[in-house]
Amino acid sequence: MATVEEATLPLDYKIDVLRKRYLLQLNDNGADSNVLEYDIESLLTKHDAAALYSNVCKALGRPENAARAQGLAAAAAAKLEELDRAIAEAEEQEGETEVRAALVAKAQYLADTGDAEAAAKAFEAAEAKTAGAGPKLDLALAEAGGDWERRNRLKLYEAVAAMGCRKFSAAADLLLDCLPTFSATELMSFEQCVCYAVISSPEVLSVIDSLPHVREFASALYESRYADFFRAFAGLLESLRTDCFLHAHSRYFQREVRVKVYSQFLESYKSVTLNSMAAAFGVSADFIDAEVAEFIVQGRVAAHIDRVAGVVQTARPDAKNGLYQQTIKQGDLLLARMQNLSRIIDLD
């Protein structure tokens, strides 16, 4: 029997459909649109994905083909009848472990077709048989490494969910944690996982050279090569815009990274000319003036611009002044509490 390390699952076809569907939305009527449509149709047919076909049509804003939908539904119904017969035979002739296996097979098929609601109910029915299977089933799962493998895969799924909510720090921790024992090949490739880890936390060097723009993105920022960083960042942003998980956050990511890099640059200077800063980033002085000014107004970059003199001056926070303001604020709060207390005492 294959060990956990040897077992490699193929990419879940639903993830492949998701990516191809998103690329088709970006490139509708483009040169590759016919190829993408053919690939999606083939995948849906192969897996009797009637429910998923409906979702794809809605996402693309296209009407469903009635004959196509009926054909997929009929194929799914025939397969479900076969699975139900297998469950009935297991209940009549086999033990609880075999019954549960038959129930799991049905649940997995429903999940494969894209019918999430029916699949969830089927998995609940299968899970109910787990307790009846007794210690023998639990021992078999433990010996197969099932618990460890599930935990490891769950980290990657949680990381994807965290990226979707813009919790990139949490995503980075999860991605870095699961990289040494990566096994969720049904969700993404190892290289794609590394790419997400670098975007979320540039601490990964393994296979980084196989990912376009990623090494230069990480190393140029670390080495303060800002013009090289901007070029790599532009290429990386193009990849993010076509990524089905992160495309919705590409503008947010662009803004946050630029705030970081401008702040890093300005930390080294008390003042710097706009022309010098523009040359360092490989852009025009007008571009730097407009973009940095916007971040200054938003309170994201601690500096101010003297446009007449053509100078950017950093506004370093005064630690003593900050401590003084904090002390005043706490003193006001203490006085307010004492006044409230005195009123209570006077009432008594």
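Taking an unreviewed UniProt entry as the reference, the protein is identified by name as PCI domain-containing protein belonging to Prototheca wickerhamii.

**Student:** Can you help me understand the overall build of the protein in this one?
**Tutor:** The helix and strand tally for the protein stands at 16 helices and 3 strands. Sorting the 348 residues of the protein into buried and exposed places 37% on the buried side. Excluding contacts between residues fewer than 6 apart, the proportion of contacts in the protein whose partners are at least 24 apart in sequence is 55%. Of the accessible surface of the protein, which amounts to about 20,500 Å², a share of 55% is contributed by carbon and sulfur atoms.

**Student:** Sorry if this is basic, but what is going on with the nonpolar core here?
**Tutor:** Nonpolar side chains tend toward joint burial in soluble globular proteins. Core analysis: the biggest nonpolar cluster contains 59 residues, and Leu-156, Met-188, Phe-229, Phe-245, Tyr-262, Met-277 and Phe-281 have the highest contact counts within it. For this core, the element with the highest residue contribution is helix α12 (residues 226–241), accounting for 8 residues. Setting aside chain neighbours within four positions, we find Phe-281 in contact with Tyr-226, Ala-227, Phe-230, Val-261, Tyr-262, Phe-265 and Ile-288. One finds Leu-36, Ile-40, Ala-69 and Leu-72 within the second-largest nonpolar core, a separate group that totals 15 residues.

**Student:** Any chance you could explain helix α10 (residues 190–200) here in plain terms?
**Tutor:** Note on helix geometry: an α-helix contains 3.6 residues per turn, so any two residues three or four positions apart are oriented the same way. Judged by how many residues are buried, α10 sits mostly within the fold: 8 of 11 residues are covered. Every buried residue belonging to α10 is among Cys-193, Val-194, Cys-195, Tyr-196, Ala-197, Val-198, Ile-199 and Ser-200, and all of these are buried.

**Student:** What exactly am I supposed to notice about the packing of aromatic side chains here?
**Tutor:** Within a pair of aromatic rings, the relevant descriptors are the distance that separates the centres and the angle that separates the planes. Tallying each qualifying case throughout the model produces 17 aromatic pairs. Here the aromatic rings of Phe-229 and Phe-230 are separated by 6.3 Å at their centres, their planes lie at 45°, and the arrangement is tilted. Judged by relative accessible area, Phe-229 falls into the buried class, the value being 0%. Their ring planes at 50° and their centres at 6.1 Å tell us that Tyr-262 and Phe-295 sit as a pair that is tilted. Remark: Phe-295 occurs in helix α15 (residues 285–297) and Tyr-262 occurs in helix α13 (residues 250–266); sequence separation between them is 33 residues. Both residues of the pair, Tyr-262 and Phe-295, count as buried.

**Student:** When you look at the UniProt feature "coiled-coil region" (unreviewed entry) in the protein in this model, what are you seeing that I'm missing?
**Tutor:** The positions that UniProt labels "coiled-coil region" (unreviewed entry) are, in the present scheme, residues 73–100. Taken as a whole, residues 73–100 contains 93% helix and 0% strand, while its terminal C-alpha atoms sit 25 Å from one another.

**Student:** What is the right way to look at the packing of helix α14 (residues 274–281) against α15 in this model?
**Tutor:** Think of two packed helices as two axes; the pair is described by the angle between the axes and how far apart they sit. Relative to each other, α14 and α15 sit at 100°, their axes nearing to 8 Å. In terms of orientation, α14 and α15 fall into the roughly perpendicular class. On α15, the residues that touch Leu-274, Asn-275, Met-277, Ala-278 and Phe-281 of α14 are Ala-285, Ile-288, Asp-289 and Val-292. The class makeup of the residues in the contact of α14 with α15 is 7 nonpolar, 1 polar and 1 charged.

**Student:** What should I look at first to understand the packing of α13 against α14 in this one?
**Tutor:** Following both chains from N to C, one finds α13 and α14 inclined at 125°, their axes separated by 12 Å at the closest point. With respect to each other, α13 and α14 are oriented oblique. As α13 runs across α14, the sense of the crossing is right-handed. Contacts between α13 and α14 involve Val-261, Tyr-262, Phe-265 and Leu-266 on the former and, on the latter, Met-277, Ala-280 and Phe-281. Taken together, the residues of the contact of α13 with α14 break down into 7 nonpolar, no polar and no charged.

**Student:** Looking at this structure, how should I read the confidence of the model for the protein?
**Tutor:** The predicted structure's coordinates, where accompanied by low pLDDT, should not be read in detail. When the pLDDT values of the protein are averaged, the result is 80; 84% of them are 70 or greater. Across the protein, α14 holds the top mean pLDDT of 92, while helix α7 (residues 135–143) sits lowest at 43. Scored below 50 in pLDDT, residues 1–6 shows 4 contacts in the model against residues more than four places distant or in partner chains. Taken as a whole, residues 133–146 scores under 50 in pLDDT and shows 11 contacts with residues more than four places along the chain or in a different chain.

**Student:** Any chance you could explain the pattern of salt bridges here in plain terms?
**Tutor:** Note that side chains of opposite charge can pair when their charged atoms are close. The final tally for this structure, using the stated rule, is 19 salt bridges. Note that Arg-231 and Asp-228 form a salt bridge whose closest N and O atoms lie 2.3 Å from each other. Taken as a pair, Arg-231 and Asp-228 lie in helix α12 at a separation of 3 residues, close to a single helical turn. Arg-231 gets classed as exposed once you look at its relative accessible area, which sits at 55%. What emerges from the salt-bridge pattern is a single network uniting Glu-216, Glu-223, Arg-225, Asp-228 and Arg-231.

**Student:** Just checking my understanding: could you explain the pairing of strand β3 (residues 311–314) for this structure?
**Tutor:** Regular strands have side chains that alternate between both faces of the sheet. The pairing of strand β1 (residues 271–273) with β3 spans 3 bridges and is antiparallel. From the neighbouring strand, Ser-271 faces β3, where its bridge partner is Gln-313. Judged from the 4 bridges that link them, strand β2 (residues 303–306) and β3 form a sheet pairing that is antiparallel. Across the sheet, residue Ile-305 finds its bridge partner in β3, namely Val-312.

**Student:** Would you mind going over the side chain of Asp-243 with me for this structure?
**Tutor:** The residue Asp-243 is located in the loop between α12 and α13 in this model. Of the polar contacts made by the side chain of Asp-243, one reaches the side chain of Gln-192; its length is 3.5 Å. Those residues in contact with Asp-243, other than ones at most four positions away along the chain, are Tyr-22, Gln-192 and Tyr-196.

Rules of the game
- Residues numbered from 1 in each chain as written.
- Predicted model: local features only at pLDDT ≥ 70, side-chain atom pairs only at ≥ 80, totals over all residues.
- Heavy atoms only, no water.
- Helix = DSSP H or I, 4+ residues; strand = E, 2+ residues; numbered from the N terminus.
- Buried < 20%, exposed > 50% of the residue type's maximum accessible area, 1.4 Å probe, protein only.
- Contact = heavy atoms within 4.5 Å.
- Areas by Shrake-Rupley, 256 points an atom, 1.4 Å probe, with all protein chains shown as cover.
- Core = buried A, V, L, I, M, F, W, Y, C linked by side-chain atoms within 4.5 Å.
- Phe/Tyr/Trp six-rings, centres within 6.5 Å; stacked < 30°, edge-to-face > 60°.
- UniProt positions renumbered as here; feature names shortened; annotations may be inferred.
- Axes fitted to C-alpha atoms, helices over the stretch in contact; angles between N-to-C directions.
- Parallel < 35°, antiparallel > 145°, perpendicular 65-115°, else oblique.
- Nonpolar A, V, L, I, M, F, W, Y, C, P; charged D, E, K, R; others polar.
- Left-handed = near helix turned anticlockwise from the far one by under 90°.
- pLDDT = per-residue confidence, 0-100.
- Salt bridge = Lys/Arg side-chain N within 4 Å of Asp/Glu carboxyl O.
- Pairing = 2+ DSSP bridges.
- Polar contact = N/O pair within 3.5 Å; in protein donor to acceptor, adjacent residues only side chain to side chain.

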